Amino acid sequence: SSIASLTFAQDASSEGIIPRSSALAIMDGASLWHDDVQYKYAVIKNDFSGSKELMQSVASSIAMASAYVNVLWVSSQNYDPIAANEEKEWLSEVKEFVSDSFHVYKPPISGETDTRSEQCPAYAFPNESLGGGFSDFIRVMTSSMPWSSVEPAENSADNGNGRNSKKEISFFSIALITVGLLVISWGIFIIVKRRRLAKNLPIPPSPNDLWFKALTRYPFLFFIVSLFIPTLLSLLAFSSEGYRISVNLDFDSYLDIDTKEERLAEQYEEFKNYHYKQVTTEETNCRKLYRGFSGDVTFATNRLLQRRSLKDSLTLDRADVERPFINRSLQSFGVYGKPRPNQVIITFFYQNRNGGNVFEPTVLEAIRDFEQSIMNFPGFDDYCYGFEECFPLDSLIPFLFPDGETIVDDIDSILRGFLGTEMALSKVDKFFGRDNLASNVTMSQVWFDDDIDQNELEPFLEKLYEMLWSTDQQRKYPDMVFTWGNSYMETLESNEALNHDALWSSASIIFIGLMVFFKVQNIFVATSAVLCLVLAFTSALYWCEHHFVFKELTMMHVAGLFVMLGIGADDIFLTIDTFDHTKVEYTDDSNSKSHLRSYEEPDAIRERMITSYKIAGSMMLVSSLTT
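The rules behind each value
Residues numbered from 1 in each chain as written. Predicted model: local features only at pLDDT ≥ 70, side-chain atom pairs only at ≥ 80, totals over all residues. Heavy atoms only, no water. Phe/Tyr/Trp six-rings, centres within 6.5 Å; stacked < 30°, edge-to-face > 60°. Helix = DSSP H or I, 4+ residues; strand = E, 2+ residues; numbered from the N terminus. Buried < 20%, exposed > 50% of the residue type's maximum accessible area, 1.4 Å probe, protein only. Lys NZ or Arg CZ within 6 Å of the ring centre and 35° of its normal. Core = buried A, V, L, I, M, F, W, Y, C linked by side-chain atoms within 4.5 Å. Contact = heavy atoms within 4.5 Å. Pairing = 2+ DSSP bridges. Axes fitted to C-alpha atoms, helices over the stretch in contact; angles between N-to-C directions. Parallel < 35°, antiparallel > 145°, perpendicular 65-115°, else oblique. Nonpolar A, V, L, I, M, F, W, Y, C, P; charged D, E, K, R; others polar. Disulfide = S-S within 2.5 Å.

Enquirer: Sorry, what's going on with the packing of aromatic side chains here?
Expert: Aromatic ring pairs are defined here through the distance separating the ring centres and the angle between the ring planes. Following the criterion strictly, the structure yields 23 aromatic pairs and no others. Measuring from centroid to centroid gives 5.2 Å for F348 and F370, while their planes differ by 80°, and the two rings are edge-to-face. Here F348, found in strand β5 (residues 345–352), pairs with F370, found in helix α11 (residues 361–375); they are 22 residues apart in sequence, far enough to count as distant. Pair check on accessibility: F348 and F370 agree, each one buried. Aromatic side chains Y385 and F391 sit 5.5 Å apart centroid to centroid with 80° between the ring planes, which places their arrangement in the edge-to-face category. Members of the aromatic cluster, joined through ring pairs, are F348, Y350, F370, Y465, W469, Y477, F482 and W484. The ring centre of F579 lies 4.1 Å from the NZ or CZ of R608, which sits over that ring.

Enquirer: What am I meant to see in the nonpolar core here?
Expert: Soluble globular proteins tend to pack their nonpolar side chains together in the buried interior. Counting 51 residues, the largest nonpolar core has F448 and L468 as the members making the most contacts within it. Among the elements that make up this core, the one with the highest residue count is helix α16 (residues 454–474) (7 residues). Setting aside anything within four residues of it in sequence, one finds L468 in contact with F348, F370, I374, F482, W484 and M489. Ranked by size, the runner-up nonpolar core spans 18 residues in total, among them A65, Y68, V98 and F102.

Enquirer: Help me understand the sheet that holds strand β7 (residues 480–485) in this model?
Expert: Hydrogen bonds along the backbone pair up the strands of a sheet, which may run parallel or antiparallel. With antiparallel pairing, the 3 strands of this open sheet are ordered in space as β6-β5-β7. Looking at strand neighbours, the two that pair on one side only are β6 (442–447) and β7, the edges of this open sheet. Taken pair by pair, the neighbouring strands of this sheet meet at an average axis angle of 25°, ignoring direction. Note that β5 and β6 share 6 bridges and pair antiparallel. Along β6, the bridge assignment pairs I345 with W447. Those strands touched by α11 are β5, β6 and β7, and its axis lies near 155° from that of β5. Across the sheet, α16 is in contact with β5 and β7; its angle to β7 comes to roughly 155°.

Enquirer: Is there a simple way to explain the pairing of strand β1 (residues 23–28) in this structure?
Expert: Two faces belong to every sheet, and in a regular strand the side chains alternate between them. Residue alternation in β1 divides its side chains into a buried set, A23, A25 and M27, and an unburied set, L24, I26 and D28. As defined by bridge partners, β1 adjoins strand β2 (residues 69–74) across 6 bridges and the pair is classed as parallel. Its bridge partner lying in β2, A23 is registered against V69.

Enquirer: Which parts of the structure should I look at to understand the packing of helix α17 (residues 487–520) against helix α19 (residues 555–581)?
Expert: The relative placement of two packed helices comes down to the angle between their axes together with the axis-to-axis distance. Contact geometry for α17 and α19: axes closest at 11 Å, N-to-C directions at 0°. In terms of their interaxial angle, α17 and α19 are classed as roughly parallel. The residues of α19 that touch α17, namely those facing L498, D501, W504, S505, S508, I509, I512, M515, V516, K519 and V520, are M555, V558, L561, F562, L565, A569, I572, F573, I576, D577 and D580. Here the residues of the contact of α17 with α19 are counted per class, giving 16 nonpolar, 2 polar and 4 charged.

Enquirer: Would you take a moment to explain the state of the cysteines for this structure?
Expert: By definition, a disulfide is the covalent link that joins the sulfur atoms of two cysteine residues. Enumeration according to the criterion identifies 1 disulfide in this entry. Disulfide pairing is shown between C384 and C390; the S-S distance is 1.8 Å. When the S-S torsion is -75°, as for the bridge of C384 with C390, the disulfide is left-handed. Here the two residues C384 and C390 agree in accessibility, since each one is buried.

Shown next as structure tokens:
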């Protein structure tokens, strides 16, 4: 638990939230070498395997954090010379590596006898009276610590959004620059306009007029630039992502506040809870295991009797009574123990299709047939977990079908036996108990060989996923509903949904292109319109990744693609229709004797384009801002 606090302080400093070396982590080492400790930490002073590894881990944690955190180690009060020497040697070694940021405080010994044998768990200060000098030690040490004089540590690894911490201009800066240029240009125009009006000179063209004239007189140049810039931004976006688009498919994380401060706050709460649980567990174990009936922990006989009493209270030898301290989490270890870090597991959840108890005979038979189909699936024997042959699924079904074919006559007796088994209770819901031998759900797991590489297993998982999807869609088991959980299979399912949406978006783009073509009867204009829609999305990736501090794309962004298509199509039709309506100004006026120029003349086309831009531009601005 002390290492957890040390890690938290290190993260806070390395993230730049607090100045470097301004954090102080206090680690209580009393229980590690205490000569009369009777619980699990006694492994440190004994020659059990793992004792050296634990202390090496503690020393490594201190060494890694020493660049960011000051560590105060409160040593134990050992009367055992061997334990005292071991602790002294270990502290000297740590001090040699991290001399500046590692401090040791040894509590004073009160009296000639060690009274801490009556305390369990062991702490550095058995009572408050022995900790008087500790406050003075803390005060002297912290007076020289850089609480605020040191600049925050630079985070060289990550800037909080999964990218290297290179300096990039922010969206706010870009907006300020853009607004500033507009203000400056219009300010210059207004000043020049007033001076020319004062001298009765012609008014100069406004920034908008200059823009429209340049756009209409050099359309080809603007066309090339308008293609080059979005294409360049799109290439920058794709190159930074390895020329692929990654979409976060974890819907639960969409509403999370993902900042350095928030992550640190969540980590802090986790560390506090972890510390609290560890201390509570130690105190509970001490009360149950090491305090005799009279409250005296010095008599071995009472300790032995207390252990027997605890064993009886936990009903370790009785399967028909529900154990109060058993772990009923779905994350509990299965019948095959704890999986290895890279071992592939598929978890199946089963429910009664009609609702209610999943332990109905017809539902159990459907689960048995389903699990047998998994075992018989082609290629399963090549990847399954086992030695000479595949191990059965980690499931409750073998208990209910001893011979694999016939269900037991008394289902309740088997279910009652589950009350004393952690493995079984982790596969039922929280309402399952002595008075309710029923569950709304049960689960099983398929373990695969831990020596097989994930990439080698993926083709088999893809085929198995297709079989599971087909079985579920066809309702092959009318009495049972099943779902599955596996990270790679979930990715396959999400990719199918993405491909489905991508096909629909492609169809939408083609439909819009066809509508534009039917409207203008010009393949060049229709192609350009569709290209604008595509580049709008790809260039938006650049802004999101580099300037909007978006760490990832989500399904919300994918859904927004259709909104972007709708806005883009609306803008295209607004521009085209407005341009067509300008023909009215160039048609014959029956009430006028003169005829205006043809609306197909180059000068007339330029004027019509300027007019349509002014009219349609305001409408596009309003529709874009309000959509």
